[in-house]
Amino acid sequence: LAYPVILTQISVTLMQLVDSAMVGRLGPSELGAVGFGGIWMWTVVSLFMGTATAIQTFVSQDHGAGRATRCGAWAWHGFYAVVPATFVGSLAIFWLSPHLVSAIGPSDALRPLATDYLQSRSLGSTGLIAGAVITAFFRGFGDTRTPLYCTILAVLFNAVLDYGLIFGKFGLPAWGVYGAGFATSASEWFQFACLLAFVSRSKVHRLFDTRPRMPSWAPARRLLRTGLPIGGQWCLEMTSFAAFSAIVVRMGDASMAATQALLVLLSLSFMQAVAISISVATLVGRYIGAGDLASATRSYWTGMKLVSGLAIGFAILFLAIPGPLIRIFTDDTQVLSLTGPLLLLAAAFQIFDAFGIVTDGGLRGAGDTLWPFVVRFLMAWCVQVPLAYGLGIVLGGGLTWAWIGSMIYVAATAAILVGRFRSGAWQAIRI
């Protein structure tokens, strides 16, 4: 169940890596702008993306209970619940991004570049969330291959368009950072079109009754009751990370560029953990629907074992070849000097992060979403941001100590979430 999702996440990571590697050749300010703009873009859309993932929980529990023909309706309820709101949010991002970037106060060189990237990325956010709705539907009943096929096509489409629009190849304009964002937006709409073609197949319609529905408040309310805490958790946690990026950006363009390079490398591990988390959520939901709590518990611990092996492998990679990994993005000596110590931290950071991500999936499959939302919100704003600011700015530790503060937050949060699952409280949740 997990390996197609892992391949999907690797493909998404490759898309980010290609974007950053190409833009990094333009300069550290350009690379920093993509990182800075990307964090704030994801902060906004994460509310809708997280809410959409709840579709997987409802589909998996109905499928496990033998009610397959109810599954198609959840895709429509999810679409009505999140896609129109995403469209409104994308318009707000487009018009307000110049004011947002100016208010945060990056360097004069980075400010217009970050604005360009935010505006161009906002063009694809509605397509991204519409695709996420269909992806959650497929994953709910265990079809993890279809989203993989669509993602691979989108990655290839993005790579070609990136090269053309960043550097002015294939007769396309050389738009630089704006071109990188525009290419990603176009690929998000392309991926949605591919997913829509698959969900329209007669076999899917026959098995899961995907015929169009009119909006209905009762199921939408159930979906939002479970989904909004997930979306809120993602958004508020990302807001804290955006605040972290605002701290980093005040340290200079080189610090922001180093952080972007580190984030892309961390996503190599992060995306694999997300893949296993998605699979754990599907299995936990399916077994709860079938009334088999022992198998639901076993699926969670199997996921934890798998992610442990992957995280240790990435830790060895980060420790073994830090220099060649960073040079994928830049040859700037100042950026290289900053990222060396950070990769040592990243080796430990991504292990703790993986444990928390997989536990999120186990709790989400059970519909236990409110408690993790509260925990992550409190930890992000009461631990991560104060520690990063205190260690990095107040005490003068700089970029490395700001990241140490973030690692403490990730480790503590993972420990609390694992304790929640071990307590068994999720077994009493009803959606």
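Residue positions are counted from 1 within each chain, in the order its sequence is given. Residues qualify for local features only when their pLDDT is at least 70, as the model is predicted, and side-chain atom pairs are given and counted only at 80 or more; totals for whole chains, interfaces and linings, by contrast, use all residues. Note: side-chain values were computed over all heavy atoms of the structure, leaving out hydrogens and water.

## Thoughts on the layout of surface pockets
Going by this rule: A 1.4 Å probe that fits but cannot get out identifies a cavity on a 1 Å grid over protein atoms alone, an open set with protein on both sides within 12 Å along at least five of seven lines counts as a pocket, and a residue lines either if it has an atom within 4 Å of a point. Grid points are joined across faces, edges and corners, and a volume is the space filled by probe spheres set on the points. Side-chain classes follow a simple rule in which Ala, Val, Leu, Ile, Met, Phe, Trp, Tyr, Cys and Pro form the nonpolar group, Asp, Glu, Lys and Arg form the charged group, and the remainder, Gly included, forms the polar group.
Volume-wise, the largest pocket comes out at about 200 Å³. Lining the largest pocket are Gly 72, Ala 75, Trp 76, Phe 79, Val 133, Ile 134, Phe 137, Phe 192, Leu 196, Val 199 and Thr 210. Here the residues of the lining of the largest pocket are counted per class, giving nine nonpolar, two polar and no charged.

## Comments concerning a positive patch on the surface
The line we're drawing: Without a salt bridge and with relative accessible area above 30%, a residue can belong to a patch; like charges are then joined within 9 Å and nonpolar side chains (Val, Leu, Ile, Met, Phe, Trp, Tyr) within 5 Å. Under the convention used here, a 1.4 Å probe and the Shrake-Rupley method define accessible areas, while residue burial counts only the protein chains that appear. By definition, a salt bridge exists where a carboxyl oxygen of Asp or Glu is found within 4 Å of a side-chain nitrogen of Lys or Arg. Charge counting treats Lys and Arg as positive and Asp and Glu as negative, with His and both chain ends excluded. The atom standing in for a charge is NZ when the residue is Lys, CZ when it is Arg, CG when it is Asp and CD when it is Glu. Here a strand is any run of E in DSSP of at least two residues, a helix any run of H or I of at least four, and the numbering for each starts at the N terminus.
Taken together, the side chains of Arg 70, Arg 221, Arg 222 and Arg 225 present a region of like positive charge at the surface. Along the chain, Arg 225 turns up in helix α10 (residues 217-249).

## Remarks on the packing of aromatic side chains
Pairs of aromatic rings are described using the distance from one ring centre to the other and the angle between the two planes. Let me state the cut-off plainly: Centres within 6.5 Å make a pair out of two Phe, Tyr or Trp rings, where for Trp the six-membered ring is used; the pair is then stacked when the planes are under 30 degrees apart, edge-to-face when over 60, and tilted otherwise.
Applying the stated rule across the entire model yields 24 aromatic pairs. For the pair Phe 141 and Phe 208, a centre-to-centre distance of 4.0 Å together with 25° between the ring planes defines the contact as stacked. Here Phe 208 lies in helix α9 (residues 202-208) and Phe 141 lies in the loop between α6 (125-140) and α7 (145-167), a separation of 67 residues in the sequence. Of the aromatic side chains, those joined through ring pairs into one cluster are Phe 137, Phe 138, Phe 141 and Phe 208.

## Overview of the nonpolar core
Heads up, the rule is: Buried residues of nine kinds, namely Ala, Val, Leu, Ile, Met, Phe, Trp, Tyr and Cys, make up a nonpolar core once their side-chain atoms join them within 4.5 Å. Here's how the labels work: a residue is buried when its accessible area is under 20% of the maximum for its type, exposed when over 50%, partly exposed in between, all with a 1.4 Å probe on protein chains only.
Judged by nonpolar contacts, the single largest core of 99 residues is most densely connected at Phe 36, Ile 55, Phe 137, Leu 265, Phe 318 and Trp 403. If you look at the next biggest cluster of nonpolar residues, it comprises 24 residues, including Ile 6, Ile 276, Val 284 and Ala 311.

## A look at the packing of α10 against helix α11 (residues 253-289)
Stated formally: Each axis is a line fitted through C-alpha atoms, and for a helix only the stretch in contact is used; angles between axes span 0 to 180 degrees, taken between their N-to-C directions. The labels follow the angle: roughly parallel below 35 degrees, roughly antiparallel above 145, roughly perpendicular from 65 to 115, and oblique for the rest. For any pair of crossing helices, the crossing counts as left-handed if the nearer helix is rotated counterclockwise from the farther one by less than a right angle, and right-handed if it is rotated clockwise. Contacts between residues were defined by any pair of non-hydrogen atoms, one from each residue, lying within 4.5 Å.
It is the contact of α10 with α11, at a shortest axis distance of 8 Å, that shows an interaxial angle of 140°. When the axis of α10 is compared with that of α11, the two are oblique. Between α10 and α11 lies a crossing of right-handed hand. When α10 is examined against α11, the residues Phe 241, Ser 245, Val 248 and Val 249 are found in contact with a partner set consisting of Ser 255, Met 256, Thr 259 and Leu 263. Of the residues in the contact of α10 with α11, the class split is five nonpolar, three polar and no charged.

## Structural notes on the environment of Met 41
With respect to the element layout, Met 41 can be found in helix α2 (residues 28-52). Along the sequence, Met 41 and Ser 125 sit 84 residues apart, while their C-alpha atoms lie 8.8 Å from each other. With residues near it in sequence (within four places) discarded, Met 41 still touches Ile 93, Leu 118, Arg 121, Ser 122 and Ser 125.

## With respect to a nonpolar patch on the surface
Taken together, the side chains of Phe 87, Val 88, Leu 91, Trp 95 and Leu 96 make up a nonpolar region of the molecular surface, amounting to roughly 560 Å² of accessible area. Along the chain, Leu 96 turns up in helix α4 (residues 71-104).

## Thoughts on empty space enclosed by the protein
All told, the structure shown has two cavities of 30 Å³ or more when counted by the stated rule. The space that makes up the second largest cavity amounts to roughly 50 Å³. Forming the walls of the second largest cavity are Ile 230, Gln 233, Trp 234, Asp 360, Arg 364, Asp 368, Thr 369 and Pro 372. Elements with a minimum of two residues in the lining of the second largest cavity: α10 and α14 (333-365). Ranked by the residues each element gives to the lining of the second largest cavity, the list is headed by α10, at three residues. A per-class count over the lining of the second largest cavity returns three nonpolar, two polar and three charged.

## Comments concerning the side chain of Ser 97
To keep it simple, the criterion reads: Under this definition, polar contacts are N or O atom pairs within 3.5 Å; protein pairs additionally need one hydrogen-donor-capable and one acceptor-capable atom, and for neighbouring residues in sequence, both atoms have to be side-chain atoms.
By the secondary structure assignment, Ser 97 is in helix α4. Within polar-contact distance, the side chain of Ser 97 engages the backbone oxygen of Phe 94 at 3.4 Å. With residues near it in sequence (within four places) discarded, Ser 97 still touches Ala 92, Thr 115, Leu 118 and Gln 119.

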